[in-house]
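A look at the structure
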Amino acid sequence: MLVVLPFAVRLDGRPHADWLQFLGRFHPSLVHLPIGMLVLLPFLEFAGMTRLGLREAAGFVLHLALATGAVTLVFGILLAYGSGVMGATVSRHMWGGIALLIELLACVTVRPLWISGQVQRVYPALLVVSLLTLTWTAHQGGSLTHGSDYLTRYMPVPLKRFFPSASTATDATYVGSVYMRSIHPIFDAKCVACHGASKEQGGLRLDFHELLMKGGRDGAVIAPRNPDRSLLLQRVTLSPSDQHFMPAEGRTPLSADEIAALRAWILAGASPTATSIPGIATTAENADSPLLPVGDYSYLMNEIRQMQRSGGAKLVAVSATPSDGLILRTIDVASKFDDTQLARFERFAPFIVEAELGRTAVSDDCFDTLSKFANLRALHLEGTGVTGRALGKLLSLSQLTYLNLSGTKVTSDALAPLKGIPNLHHVYLFDTPAEPASAATNSTLRSTQ
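Just so it is clear, the structure is predicted and the values come from calculations on it, not from any experiment. (Residues numbered from 1 in each chain as written. Predicted model: local features only at pLDDT ≥ 70, side-chain atom pairs only at ≥ 80, totals over all residues. Heavy atoms only, no water.)

**Concerning the side chain of Ser406**
Counted only if it meets this: Secondary structure counts use DSSP, requiring at least four H or I residues in a row for a helix and at least two E residues in a row for a strand, with both numbered from the N terminus. Polar contact is the term for a pair of N or O atoms within 3.5 Å; when the atoms are in protein, one must be able to donate a hydrogen and the other to accept it, and sequence-neighboring residues count only if both atoms are side-chain atoms. Note on contacts: a residue pair is in contact if any heavy atoms of the two residues lie within 4.5 Å.
Along the polypeptide, Ser406 turns up in the loop between β5 (402-404) and β6 (426-428). A polar side-chain atom of Ser406 sits 3.0 Å from a polar atom in the side chain of Asn404. Beyond its immediate stretch of four places on either side in the chain, Ser406 contacts Glu382, Gly383, Tyr428, Leu429, Phe430 and Thr432.

**Some points on helix α5 (residues 52-83)**
We count it as follows: Here the expected span of a helix is defined as 1.5 Å times the quantity of residues minus one.
For α5, with 32 residues, the first-to-last C-alpha span of 46 Å sits near the 46 Å given by 1.5 Å per residue. In the segment just after α5, Gly84 is the residue with positive phi, at about 80°.

**Details of the pairing of strand β3 (residues 352-356)**
Test applied: Only protein chains enter the area calculation, which uses a 1.4 Å probe; residues under 20% of their type maximum are buried, those over 50% are exposed, and those in between are partly exposed. Any two strands between which DSSP finds at least two bridges are classified as paired.
With five of five residues buried, β3 is to be regarded as a mostly interior element. For strand β2 (residues 326-329) and β3, the ladder comprises four bridges, and the chain directions are parallel. Bridge assignment links Leu326 to a residue of β3, and that residue is Ile352. Direction of pairing for β3 relative to strand β4 (residues 378-380): parallel, over a ladder of three bridges.

**Comments concerning the environment of Phe60**
Relative to the helices and strands, Phe60 is located in helix α5. Overall, the relative accessible area of 57% leaves Phe60 in the exposed class. Spatially, the C-alpha atom of Phe60 lies 9.7 Å from that of Leu41, the residues being 19 residues apart in sequence.

**With respect to the packing of helix α9 (residues 178-190) against helix α12 (residues 256-267)**
Quick note on the threshold: Axis definition: a line fitted to C-alpha atoms, over the contacting stretch in the case of helices. Angles run 0 to 180 degrees between N-to-C directions. Should an angle fall under 35 degrees it is called roughly parallel, over 145 degrees roughly antiparallel, and 65 to 115 degrees roughly perpendicular, with every other angle called oblique. The sense of a crossing depends on the near helix, which, turned anticlockwise from the far helix by less than a right angle, makes the crossing left-handed and, turned clockwise, makes it right-handed. When residues are sorted by character, Ala, Val, Leu, Ile, Met, Phe, Trp, Tyr, Cys and Pro go into the nonpolar class, Asp, Glu, Lys and Arg into the charged class, and all the rest, Gly among them, into the polar class.
Where α9 contacts α12, the two axes come as close as 10 Å, and the packing angle between them is 125°. Comparing the axis directions of α9 and α12 gives the class oblique. Crossing of α9 over α12 shows left-handed handedness. Contact residues: α9 offers Tyr179, Ile183, Ile186, Phe187 and Lys190, while α12 offers Glu258, Ala261, Leu262 and Trp265. Looking at the contact of α9 with α12 residue by residue, the class counts come to seven nonpolar, no polar and two charged.

Below you can see the structure in the form of structure tokens.
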């Protein structure tokens, strides 16, 4: 019955009834019960050689481990089937659990013969095999949760030579490209645990460029040169409370800098071979402008939570650490968000590190408010009505590194004041009057388009 179970409940990569996922999500909690019992069992058996009471306890623990293991297996299959998860590691984890239960059944059958002295070595051997199977299966489960390189990611370099698998999977032909230097590491750290060879949530894999561009069950997730139509970028910029927000299940969200890098890469065509892309700083540029803490906004959390629940513009935390700052997000109300509404965020100005104002109704008057966002690092104004006549008001933003003015009426003359912003390395000027003259600013703005 155990062997037939995976064929009867075949993992097809599609989500099923919500109640299956509800029950299945108890699997990570239940799995610790049989693990703890099996680790304890050898100690009870050894101590039971001199204390008969402990030998009886060992028998009880073995039966209980078998029972809880069976329940845990069922809940694990419900989780995989209900959520539509599939992949090599998922299959290995499931078959490891099945093998472990079969071995425990054998232990239960042979143990009475071992106690009576009829069989001397079979039960201890089965117990050792069960513990080895447990270790291997638990590792597969840990890889699903934390990624296959969870134990080896920060391993010292000398040790990595003895563990080839500890190296990050890469597209070897793209070594040296922006994709390999800046984009793949984001996917590897934040996404591959659920969208890699081990686990293909939604039929989507992000561990290789070819598979990334292929997309998943919902279709393509990257629309080259069109970040707003790229499903992947839409999902990672949703409110964390949204059921479609990624990364899911409480995993660490992408930072403002990571999202900005993804947006820039997609806007430039999502190439796997490009070695330089405006909007993505090199290692040297990042070293020249270390990120500064913005202070603790905890006393404003009630107001921030109200914004996140409302239907208007939202303030989203960059991370769980308040000093990492906030992101001003207007994607849900872009067409209605204007200078007046922006002015209402002055109260939060010291804590905002990224302002996503693309395709909003703001005008040149918005710079009066933005000039007070002292810790602003990234500013999106693409597709707005700004002309650039007030860009000089941004000179107070010493931390600004990224500015997107694509699709506006900004001229090359209006860009002159930007040369006074020390950390501003990347300015987007696609589809603007200033685009043909962008090369003139390259000497000061290190990468401008």
